[in-house]
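As a plain string of letters, each chain reads:
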Amino acid sequence: MRNLPLHGAAVEWNLMEDDLMKTVGYCRVSTKPQHLSLKNQQDTITKFTINNNLDLLDIITEVKSSKKLQDTILHLLGLDFKFLVVSSLDRLCRSNDNIETILNEFKENGKYIISIKENINSSNQEDYVKFIQYVNLYDEELKLISKRTSDVLGYLKRNNKSTGVAPYGFYVGTNGTLVKNQNEQNIIRLVKNLRMKRYKFREIVKILGEKNIVSRKNKPFGVASVHSMVMIDNKR
């Protein structure tokens, strides 16, 4: 049996000396602007595999929501490796709905998951239980954050406070309240009037372009932006 250090501590893994050490890393972010997070995950996984004598075959990176990982799991199950290493458990799963299914599918295919941050490895029975416990904690934390966010946004809206970037047609006043931006309100009024006259969205976009009317970012309006303006409630 082989003992490998995780974060400097000797942790007993259920591996025989002749077991294959083929390893694949997996990194994920939800949006493209998080590219620095991807780089950090890759560096963490690479360093970990070197320190633990794991044969790192590849590091798979994705920009994808944690709610859409089923295809990824199926792809990983078809690859030839022993361990899947993630920098943190939340990169692979943020819900307790399917973690046991994932762990069992990996085990049935002779594969195991290692999470560096949580210091757990599913080939160890005790760590297997920890995996489920950690995901339960993540699940409860997400629900709590969601409720707190909902409560705060509700309070801000009830008191006419900004909830972030001011919606089109408004700006954030010095006391945090939304104040009408008269220039943008005039553009909204023009768009709504054109729509009432049965102009199509693309026709409205063309008219705005001809009048050199541009967005906040000084770019031409698109169909989606025009549609949003039609739906704006000017009575805030």
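Structure's up top.
The rules we used
- Positions within a chain are numbered from 1, following the residues in the order the chain's sequence is written.
- Local features are withheld for residues below a pLDDT of 70 in this predicted model, meaning they are given only at 70 or higher, and side-chain atom pairs are given and counted only at 80 or more; totals for whole chains, interfaces and linings count all residues.
- In computing side-chain properties, one takes all heavy atoms of the structure into account and sets aside hydrogens as well as water.
- Any two strands are treated as partners once DSSP identifies two or more bridges connecting them.
- Only runs of H or I of at least four residues qualify as helices and only runs of E of at least two qualify as strands under DSSP, and these elements are numbered from the N terminus.
- Here, residues are in contact when the closest pair of their heavy atoms is within 4.5 Å.
- All axes here are fitted lines through C-alpha atoms, helices being fitted over the stretch that makes contact, and every angle between N-to-C directions spans 0 to 180 degrees.
- Whenever a carboxyl oxygen of Asp or Glu lies within 4 Å of a side-chain nitrogen of Lys or Arg, that contact is scored as a salt bridge.
- When a residue's accessible area, from a 1.4 Å probe over protein chains only, is under 20% of the maximum for its type it is buried; when over 50% it is exposed; and in between it is partly exposed.
- Side-chain rings of Phe, Tyr and Trp, where Trp is taken by its six-membered ring, are said to pair if the distance between their centres is within 6.5 Å; with planes under 30 degrees apart they count as stacked, over 60 as edge-to-face, and otherwise as tilted.
- Read the arc as the range of directions from the helix axis to the C-beta atoms.
- Grouping buried Ala, Val, Leu, Ile, Met, Phe, Trp, Tyr and Cys residues that are joined through side-chain atoms within 4.5 Å yields what is termed a nonpolar core.

Participant: Explain the sheet that holds strand 3 (residues 22-29) here, please?
Facilitator: Strands belonging to one sheet form pairs held by backbone hydrogen bonds; the direction of such a pair is parallel or antiparallel. Strand order in this open sheet of five strands is 4-3-5-6-7, and the pairing throughout is mixed. Lying at the two open borders of the sheet, with one neighbouring strand each, are strand 4 (55-63) and strand 7 (120-121). Against the sheet, helix 3 (residues 99-108) engages strand 5 (83-86) and strand 6 (112-115), with an angle of about 125° to strand 6.

Participant: For this particular structure, what's the right way to read the pattern of salt bridges?
Facilitator: Any two side chains of opposite charge can pair, given that their charged atoms come close. All chains considered together, the criterion is met by four salt bridges. Its salt-bridge partner being Asp43, residue Lys39 comes within 2.9 Å of it at the nearest N-O pair. Here Lys39 and its partner Asp43 are both found in helix 1 (residues 35-51), four residues apart, which amounts to about one turn of the helix. Exposure remark for Asp43: the relative accessible area of 40% places this residue in the partly exposed category. For Glu62, the salt bridge is made with Lys64, and the minimal N-O distance between the two is 3.3 Å.

Participant: Even after reading the chapter, I still don't get the packing of aromatic side chains, so can you show me in this structure?
Facilitator: By convention here, two paired aromatic rings are described through the distance between centres and the angle between planes. Summed over all chains, the structure comprises three aromatic pairs. Summarising the aromatic geometry, the rings of Phe81 and Phe106 are spaced 6.5 Å apart at their centres and angled 55° between planes, so their arrangement reads as tilted. Residue Phe81 is located in the loop between helix 2 (70-77) and strand 5, and its partner Phe106 is located in helix 3; the two are separated by 25 residues in the primary sequence. On the accessibility criterion, Phe81 (5% relative accessible area) is buried. Centroid distance Tyr168 to Phe221: 5.9 Å. Interplanar angle 85°. Geometry classified as edge-to-face. Here Tyr168 is found in the loop between helix 4 (125-158) and strand 8 (170-172), whereas its partner Phe221 is found in the loop between helix 6 (201-210) and helix 7 (223-231), with 53 residues between them in sequence.

Participant: Whenever I open this one, helix 3 confuses me. Can you help?
Facilitator: Owing to its 3.6 residues per turn, the α-helix aligns residues three or four sequence positions apart on the same side. Looking at helix 3, one finds that the buried residues are Ile99, Ile102, Leu103 and Phe106. Looking straight down helix 3, one finds that the buried residues subtend no more than 95° of arc, so they occupy a single side.

Participant: How should the nonpolar core be read in this particular structure?
Facilitator: Taken as a class, soluble globular proteins show a tendency for nonpolar side chains to be buried jointly. One finds Tyr26, Ile73, Leu84, Leu92, Phe106 and Ile113 to be the most contacted residues of the largest nonpolar core, which totals 17 residues. Elements with a contribution of two residues or more to this core: strand 3, helix 2, strand 5 and helix 3. Among the elements that make up this core, the one with the highest residue count is helix 3 (four residues). Among the nonpolar cores identified, the runner-up in size contains 15 residues, and Val191, Ile204, Leu208 and Met229 belong to it.

Participant: I keep staring at the pairing of strand 5 and nothing clicks. Help me out?
Facilitator: Both faces of the sheet carry side chains from a regular strand, because those side chains alternate between them. On strand 5, burial covers both faces: Phe83 and Val85 on one face and Leu84 and Val86 on the other are all buried. Across four bridges, strand 3 lies against strand 5 in parallel orientation. Across the sheet, Tyr26 pairs through a bridge with Val86, a residue of strand 5. With four bridges joining them, strand 5 and strand 6 adopt parallel strand pairing. Counterpart to Val86 in the pairing with strand 6 is Ser115.

Participant: Just checking my understanding: could you explain unusual backbone geometry for this structure?
Facilitator: One can expect most non-glycine residues to show negative phi and most peptide bonds to be in trans. The backbone phi angle of Asn119 is positive, close to 60°, even though this residue is not glycine. Checked against the element boundaries, Asn119 lands in the loop between strand 6 and strand 7. Given the relative accessible area of 26%, Asn119 is considered partly exposed. Positive phi, normally seen in glycine, also occurs at Asn212, with a value near 55°. Structurally, the position occupied by Asn212 is in the loop between helix 6 and helix 7. Under the relative-accessibility criterion, Asn212 is labelled exposed at 66%.

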